Amino acid sequence: MDLGIKGRTALVTASSKGLGRGCAEALAAAGVNLVLNARGAEALEATAEAIRSEHGVTVTAIAADITEEAGRAKVLAAAGDVDILVTNAGGPPPGLWSDWSREDFIAALDANMLTPIALMQACLPGMMERGWGRVVNITSQSVKAPIPVLGLSNSARAGLTGFVAGTARQVAEKGVTINNLLPGIHDTDRATGLDTGVSKSEGISMAEARARREASIPAKRYGTPAEFGSACAFLCSAHAGFIVGQNILLDGGATNATI
């Protein structure tokens, strides 16, 4: 399917690996020029070069901490007119509700709520003026069904979801859509980190920790960054203009909910 977005410009944050890279690669395959961001310059440039070589699109790599105001300013200045914004950030660490301090919550909110909001506030006016735009926020399945050990993530992602719910309906008439993708477990460093925690706390092997988690998923496997990226690219496409303010699960059926 021709997604109808060839020649557009997309800003994808936290895109040197994992789900962010999966989204960047899918957009590049559709002919979208990219501005990629991550904190690690070496991994980011390697990803940028791989995408340039494979897809022949323009790829600009900006190493910066997107959660800091100076980092956002650097990235946005390099990006120019952004047609497609994909926000992404690593989730906060797991833990117990009694262990988290105010500072822990502020850090989670900065990364997983306030940074995506700041990026939308920067990019939405231009999209609205030009009459077209797409925003996809990578959040979490915990928005639909909170995960007890991920209380910091539950809190921040829920706040972002509330912001999007109202904002998406205010900008839709200008040809701009905002939606959220809610990943379950995918084969990324995040999954490895969570499985490592289970392995250590329960004294089992990594293979057993992963097998247990896979068994809890109806699809009986972890998702892949490539299939996640394909879903993101469709939401960013010319065909998705009537999808507004939605929270779309990509979790292999793991969230047991009717709606």
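Above this text sits the structure in question.
This write-up is about the structure you can find in this document. (Residues numbered from 1 in each chain as written. Predicted model: local features only at pLDDT ≥ 70, side-chain atom pairs only at ≥ 80, totals over all residues. Heavy atoms only, no water.)

### Observations concerning the overall build of the protein
From N to C terminus, the protein includes eight helices and seven strands. Relative to the globule expectation of 18 Å for 259 residues, the C-alpha radius of gyration of the protein, 18 Å, shows essentially globular dimensions. With the principal axes as the frame, the protein shows a C-alpha extent of 55 × 40 × 40 Å. The buried share among the 259 residues of the protein stands at 46%. Across the protein, contacts joining residues at least 24 apart in sequence account for 72% of those joining residues at least 6 apart. Element-wise, carbon and sulfur atoms account for 54% of the exposed surface of the protein, whose accessible area totals about 11900 Å². Separation of charge centres in the protein, based on 22 positive and 25 negative side chains, amounts to 4 Å. (Helix = DSSP H or I, 4+ residues; strand = E, 2+ residues; numbered from the N terminus. Rg over C-alpha atoms; globule rule 2.2 N^0.38 Å. Buried < 20%, exposed > 50% of the residue type's maximum accessible area, 1.4 Å probe, protein only. Contact = heavy atoms within 4.5 Å. Areas by Shrake-Rupley, 256 points an atom, 1.4 Å probe, with all protein chains shown as cover. Lys, Arg positive; Asp, Glu negative; His and termini not counted. Charge placed at Lys NZ, Arg CZ, Asp CG, Glu CD.)

### Remarks on helix 2 (residues 41–55)
The end-to-end C-alpha distance of helix 2 is 21 Å, a good match for the 21 Å that 15 residues give at a rise of 1.5 Å each. Buried within helix 2 we find Leu-44, Thr-47, Ala-48 and Ile-51. The buried side chains of helix 2 occupy one side of the element, clustering within an arc of 100° when seen end-on. Opposite its buried face, helix 2 presents the exposed residues Glu-42 and Ser-53, each directed more than 90 degrees away. Turning to helix 2, the residues buried within the fold contact helix 1 (18–29), strand 2 (33–38) and strand 3 (59–63). Just downstream of helix 2 lies Gly-56, where phi reads positive at about 70°. (Expected span 1.5 Å × (residues − 1). Arc of directions from axis to C-beta.)

Taken by themselves, the reported measurements are silent on function.
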